[in-house]
Amino acid sequence: MGATVQEVLLAEPRGFCAGVDRAIEIVERALAKFGAPVYVRHEIVHNRHVVDDLRQRGAVFIEDLADVPPGAVLVFSAHGVSRAVQAEAERRGFKIFDATCPLVTKVHVEVAKLRREGYEFILIGHAGHPEVEGTMGQLDDGIHLVETVADVARVQPAQTERLAVVTQTTLSVDDTAEILAAVRARFPALREPKQQDICYATQNRQDAVKALARQVDAVIVVGSPTSSNTNRLRELAERLGVPTYMVDDATELRDEWFAQAPRVGVTAGASAPEALVQGVVQRLKSLGATAVRRLDGPVETMRFPLPKGLKVD
């Protein structure tokens, strides 16, 4: 049976956030000002298309600073880096531009400040994610990672009088609430951040996908498998009982997904370009969709300044 899509609903907001916009612009401006190659530690943002595009324009993505020649231009990715990586980059004499999202930097600053006051930390996040490695790497010790409610019971801080909680910025708001409740229950004297660490864009995209999922027969999430915030959108829609598929672009769509899905919802993670969303919409039109409707949602006006030294004449 062929697909019979009738209507496409677009989540609002979706796609690029201010931190991703800024990170990509930093690499583009560095290429324009200094010429290729510009070295980038880790994927600048977790999107295959963005990374491939910048690679074609002369960005070289590396994990190990030993792979960068002396005196080269180096950009730190939007996810942030540990103090050790920062120190090594300075020691090797690179021209450094830091594309760490300012909302991640805010967490780093908070951790350093409270550590000086004698605090230890519970970090809610995913092991191995570059943002988590960067945040844990702000300190030599005293930071304990929890991924699940079960982890909370196993954590052994050296003391509990001065204990603060911080969070990876791209997690599920709902999952974090559950883990945070467990942390609070076990450590009643816990200090919490003044505003939650989960970023505005993560929150907004999750709220938008909840509104979207209630109105459609299937959800397409545009983004790459390495992207934390994109995976959370997929999980959220699935949890609401809607068949949900994550694709890097329109070429990954499969007709059979839409055999019983007259209304299809589309959203995109914070590192997915809008052109990829429009490609998915075009493909859904070819499967019969005649109407495309944007849902109402908050308008994001956040902009972050670029680092000094990247003005292009």
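My aim in this report is to walk through the structure given alongside it, one point at a time. (Residues numbered from 1 in each chain as written. Predicted model: local features only at pLDDT ≥ 70, side-chain atom pairs only at ≥ 80, totals over all residues. Heavy atoms only, no water.)

**Some remarks on the pattern of salt bridges**
Item 1. Scanning the model with the defined rule gives 27 salt bridges in all.
Item 2. Measuring nitrogen to oxygen at the nearest pair gives 3.1 Å for the salt bridge that ties Glu7 to Arg263. Note that Glu7 is positioned in strand E1 (residues 7–10) and Arg263 in strand E11 (residues 263–268), a separation of 256 residues in sequence.
Item 3. Accessibility expressed as a relative area gives 17% for Glu7, which makes it buried. (Salt bridge = Lys/Arg side-chain N within 4 Å of Asp/Glu carboxyl O. Helix = DSSP H or I, 4+ residues; strand = E, 2+ residues; numbered from the N terminus. Buried < 20%, exposed > 50% of the residue type's maximum accessible area, 1.4 Å probe, protein only.)

**Focus: the environment of Ser172**
Item 1. By secondary structure assignment, the location of Ser172 is in the loop between strand E8 (163–167) and helix H7 (173–186).
Item 2. Sequence-wise, Ser172 and Glu235 are 63 residues apart; in three dimensions their C-alpha atoms are separated by 8.8 Å.
Item 3. One polar contact links the side chain of Ser172 to the main-chain amide nitrogen of Asp174, over a distance of 3.2 Å. (Polar contact = N/O pair within 3.5 Å; in protein donor to acceptor, adjacent residues only side chain to side chain.)

**So, the environment of Ser286**
Item 1. Counting through the fold element by element, Ser286 comes out in helix H10 (residues 274–286).
Item 2. For the pair Ser286 and Ala3, spaced 283 residues apart in sequence, the C-alpha to C-alpha distance is 9.9 Å.

**Regarding empty space enclosed by the protein**
Rolled over the atoms, a probe as big as a water molecule pinpoints where empty space is left.
Item 1. Counting across every chain of the model gives one cavity of 30 Å³ or more.
Item 2. As a volume, the largest cavity reaches approximately 280 Å³.
Item 3. Looking at the largest cavity, it is lined by 24 residues, and the ones nearest its centre are Cys17, Val20, His79, Thr170 and Asn229.
Item 4. The element best represented in the lining of the largest cavity is helix H8 (residues 200–213), accounting for three residues.
Item 5. When its residues are assigned to classes, the lining of the largest cavity shows 12 nonpolar, 11 polar and one charged. (1 Å grid on protein atoms, 1.4 Å probe; cavity = no way out; pocket = protein on both sides within 12 Å on 5 of 7 lines; lining within 4 Å. Points joined across faces, edges and corners; volume = space filled by probe spheres on them. Nonpolar A, V, L, I, M, F, W, Y, C, P; charged D, E, K, R; others polar.)

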